[in-house]
Structures are given as structure tokens and as C-alpha cells.
Amino acid sequence: MRLSKYFLPTTRKVPSDAKVPSHILSIRAGLIRQVSRGVYNILPFGYRIIKRIEEIIRDEMDKIGAQEILMPIIQPAELWQETGRWSEYGLELMRLEDRLGREMCLGPTHEELITELIRKEVHSYKQLPINLYQIQVKFRDEIRPRFGLLRGREFIMKDAYSFHATWKDLDKTYEDVKKAYSNIIEKCGLDYRIVEAESGIIGGKVNHEFMILAETGEEEIFYCTNCDFAVKKDLAPIKVEDKCPNCQSDLIKSKAIEVGHTFQLGTKYSESMKAYFLDKEGNQKPFIMGCYGFGVTRLLSAAIEQKHYDNQITWPIQISPFKFHMILINPHKEKLKQIAEELYQYLLRNNIEVLYDDREISAGIKFNDADLMGIPIIGVVGNEILKTNKIEIKNKIKSKKDLILKEDILDYITTESNI
RNA sequence: CGGGGCGUAGCGCAGUUUGGUUUAGCGCGCUUGCUUUGGGAGCAAGAGGUCGGAGGUUCAAAUCCUCUCGCCCCGACCA
């Protein structure tokens, strides 16, 4: 992609209404623009990152046998009345009426809808288990949206729902999803912990939260310096001075951002909605359910929070919108421009996603934009290439600078971005 | 919802206290031309505002009054 043609509005100044790094930087780097309170346009650069995250999620969900579907955003009130959540959910549920005066809501989550689907279509234990997921826009009229995409009213979420004949079978899928979530976050290159949590309005028994470690998180957790033990601060009678109950190592207190939440729902929804199947003995039984949420747009923000430094984003290479950010220093120098153009075409032919800064502006702006935008491998086509045939590389993955022969650039990018 | 704050050009702001020298400014950005060209360039010329909206007071309102809408921050809720 040529930066000269790319709709990527970067700003030099800090927007006055943003307070945390991910919010400030996602505006400055041209990822998002606010539409109204807690509602954002996602611009091309930002959307590329979201699509990367989504692909990783699809990959891992498909791997554990979940199947992708797409349910409507708009949902009829009747289903919510069946479970009692029409009144329970309160002001956070965005309600509206259609032209006939029928009450509807914008889905904040989809237990009702999926249970309705399954009760109509699945009637036998032979059809179980089944695990369905979607990646979709959700709407929650939050009391206080803040921090940009970190806590919007409208956000993209992956939500999955599984249906089982037995608790034992739910346990298995539940563990599969937990593993999948861990894989997703690891593939996104982020540091995280899993904690047990309360279930809130979703309901259910066992549940876990997936926490991205970051200074600006709204949650506080203690975690072990040695093993993977971690707890929410207010949920356990534990102090930082205590030792890990598993391995007696030291504990660390950290703020964290919740990006995933898994629940063993049991029969809460299947019973209230009379969703039954016939077991092997011919007995009618309610489905045993699990549900699993994962915030896509929130993960994007969390990645910025965890990986930024100073005024620079650094994308983990796995979710970086481009693999290589190529800066042409002097577009007016014919020879240099020719080399850069050829290099650009060469990389494209070899399927390297390259962002090529061919703009006719001063070098300082290009350097600063590149640092801000956060593609972790930045290459400079400048005087050095005329003298020694080498590209100057700023490698933010390994925090180092390299000089790479033009001929070796493809290998370099492939090797460095393949982690 | 309780408490605090802000709405003036695309962005960031000054001007509001004490109404009138303001034809509503400044910086950045934008347009055109020339120069410049390795860490946010220089000169010149330009474009861009119903001062968030409605009503009121007044000879006169960005400025005073009433209502209203929007946004931000601090708390309780959540992926």
C-alpha cells in the first residue's frame, strides 16, 4: 500500500479528550475516529489489525471444532422476556421499537438467540455437542464508556456458545475453549493471566477471565512470578506479601485488561427457555450450556497498552497491519525513487504486505509517523542504498538496527516476522 | 445516576470576568507558486466560522439570563 494513497490520518497533537495511551495513540495513528460517546469509526489501518485478530480467533476456534455463524444484531423482546433478562438487564440494553411498535433490542450478547435456534433445530443427544461462534458487533449502553475502544458502547466481540448432554462433556469443551483463548492471546504476542471470576448477569457456575497485563487496566490481579497462578485482587483473601499458594514463590500485583471471559452456564437458559433434547434413555433434558466471550476491539487496545512506549505503538508482528514499513527519504531524487519503486513491486510480488511511504514530504514526518504507527520493521531507502546498496532497518521486535543488502530484504522480513 | 469540567475554522486554543476598536483572532493543518530535502522546512499569496442549538434582555451579545443538546473526567457495572 502506498501511503500517499492511503486513508490514514495521523495527527501530531494529542487529542484533548483522550487520556490513556491506547486511546491517544489509536486516534493519533489514524486507527479510529469517534462518532459519539463510546462509538467509533474504524479506519483502514485499524481495521486491518482487527481482521488479523479475527483470523487468529477463527483459526483457533475452528481448530477445536467450533463453527462460525452470524446472528442478527437486532433481537425481539420476547426471547429476552422468556429468560427474564428483558427487565434484569436494565438500561444497559439498548431497546427500540420497529414501525409496528414491536419491542426489540440491540444484542449485547446472544444467549437467548442461540438457545432459540438450538431448541428449534436440535432434539437429540446424538446431535451434541455443538459449539457455535460468531464475530460481530455488540451494543451495550455502558454507564460510562471510556478509553476509546477499550470500553466502547459498540464493540466487536467473538462470542461462542456450546451445548452438551452432560456436564462432563461441557467440561471438555470448556477446557478446549480455554486452551484456544490462551493460544489466541499467545499468537497475538501478548502477556496474560487467567483468573477465576464472578459471573454477573450472564449467570452460571464456573467461569474464568483472560487478563492482558497492562498498566492502564481497570482490573487488579495478583500473579505468581513462577507458575501460572493468578487471582483478582478483590476476589481472594490474599496480599502481595503472601506467597503463591501453589509453589510458594513471590506474587506480583498488576493492573490488567479483561479480554476474554468463559462461563459454564449449565441449564440457566435452556431451562428458562424450555430448550430440551432427548437423551439415550428417551428422557427430556435441558441442554447444558457454555458461553465464551472474547473482545476483539478490546484486544486491539490492550495490545497498544501493553506494547507501546513513549509515543510509539509497537504491534506484535502477528497482528501488525503490515509486515514492513518502507520509507523513501527523497522522492525527488529520481534514482532513489526508482530503486524504492522497484523494491516495492518486488516485495508485493513476493506477498509481503508492505506499507510504502512514497509521500513527498520531509523525512522527519515520515520517521515520526512510522514510529507512531507501530509496524515493527521499518526500512529506510535513502543515501545508504545509493552508496552501499543497503537498507537501514529499525527492528522494533528485537529493538535493534540493521543494515541489510537490498537483495536480502525479502529473507530478512520473512525471517524476522516469522516468530 | 451522583460529583466536576468543556463546547469559538479540520485539530489545539485565546477572547467571555467588566456587552461596543473584532470586519471574531492565534498556532498547526489545508490550497497555489517558488525555494528546500536524513528526525514534524522557508517565503509569498489564499480558502475556511450562522462562536453547539433555541429563546430572551439590550441601541448593541461569542460575552448577560433561561432552557436544551453534545462531549470529557472521577465513582458503582462489563468483553
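Residues numbered from 1 in each chain as written. Chains lettered and ligands numbered in written order. Predicted model: local features only at pLDDT ≥ 70, side-chain atom pairs only at ≥ 80, totals over all residues. Heavy atoms only, no water.

Section: the nonpolar core
Item 1. Counting 56 residues, the largest nonpolar core has L31, F45, I212, V259, L300 and W315 as its most contacted members.
Item 2. With seven residues, helix α2 (residues 44-63) is the largest single contributor of residues to this core.
Item 3. Both domain 1 (3-307) and domain 2 (324-417) contribute no fewer than three residues apiece to this core.
Item 4. Grouped together as the second largest cluster of nonpolar side chains are 26 residues, L113, I114, F263 and M273 included. (Core = buried A, V, L, I, M, F, W, Y, C linked by side-chain atoms within 4.5 Å. Buried < 20%, exposed > 50% of the residue type's maximum accessible area, 1.4 Å probe, protein only. Helix = DSSP H or I, 4+ residues; strand = E, 2+ residues; numbered from the N terminus. Domains from an automatic or database assignment.)

Structural notes on the sheet that holds strand β21 (residues 400-405)
In any sheet, the strands associate via hydrogen bonds between backbone groups, in a parallel or an antiparallel arrangement.
Item 1. Reading across from one edge, β18-β17-β19-β20-β21 is the order of the five strands in this open sheet, with mixed pairing throughout. Each having just a single partner strand, β18 (354-357) and β21 make up the two edges of the open sheet. Here the average twist between neighbouring strands, direction ignored, is 25 degrees.
Item 2. As paired elements, strand β17 (residues 324-328) and strand β19 (residues 377-381) share four bridges and run parallel to each other. Its bridge partner being in β19, H325 is matched across the sheet by I378. (Pairing = 2+ DSSP bridges. Axes fitted to C-alpha atoms, helices over the stretch in contact; angles between N-to-C directions.)

A word on the protein's contact with RNA strand B
Item 1. Neighbouring RNA strand B are 46 residues; R144, N330, I365, N383 and E392 lie closest to it.
Item 2. Restricting the count to atoms of RNA strand B within 4 Å of the protein gives a sugar and phosphate share of 42%.
Item 3. In this structure, a phosphate oxygen belonging to RNA strand B sits 3.1 Å away from a side-chain N or O atom of S16.
Item 4. When residues of the surface near RNA strand B are traced back to their parent elements, those giving at least two are β1 (32-36), β8 (154-164), β13 (251-266), β16 (288-295), α10 (363-373) and α11 (383-388).
Item 5. With seven residues, the single largest contributor to the surface near RNA strand B is α10.
Item 6. Tallied by class, the residues present in the surface near RNA strand B amount to ten nonpolar, 16 polar and 20 charged. (Near = heavy atom within 4 Å. Polar contact = N/O pair within 3.5 Å; in protein donor to acceptor, adjacent residues only side chain to side chain. Nonpolar A, V, L, I, M, F, W, Y, C, P; charged D, E, K, R; others polar.)

Examining the pairing of strand β7 (residues 130-139)
Item 1. The buried count for β7 comes to nine of ten residues, which makes it a mostly enclosed element.
Item 2. In this structure, strand β3 (residues 67-68) lies alongside β7, joined through two bridges in parallel fashion. Across the sheet, residue E68 finds its bridge partner in β7, namely Y133.
Item 3. Across ten bridges, the pairing between β7 and β8 is antiparallel. Of the residues in β8, the one forming a bridge with I135 is K158.

Overview of the sheet that holds strand β4 (residues 74-76)
Item 1. With respect to topology, three strands assemble into an open sheet ordered β4-β6-β5, the strand pairing being antiparallel. Each edge of the open sheet is held by one strand with a lone partner, namely β4 and β5 (94-97). Neighbour to neighbour, the strand axes of the sheet diverge by 35 degrees on average, direction disregarded.

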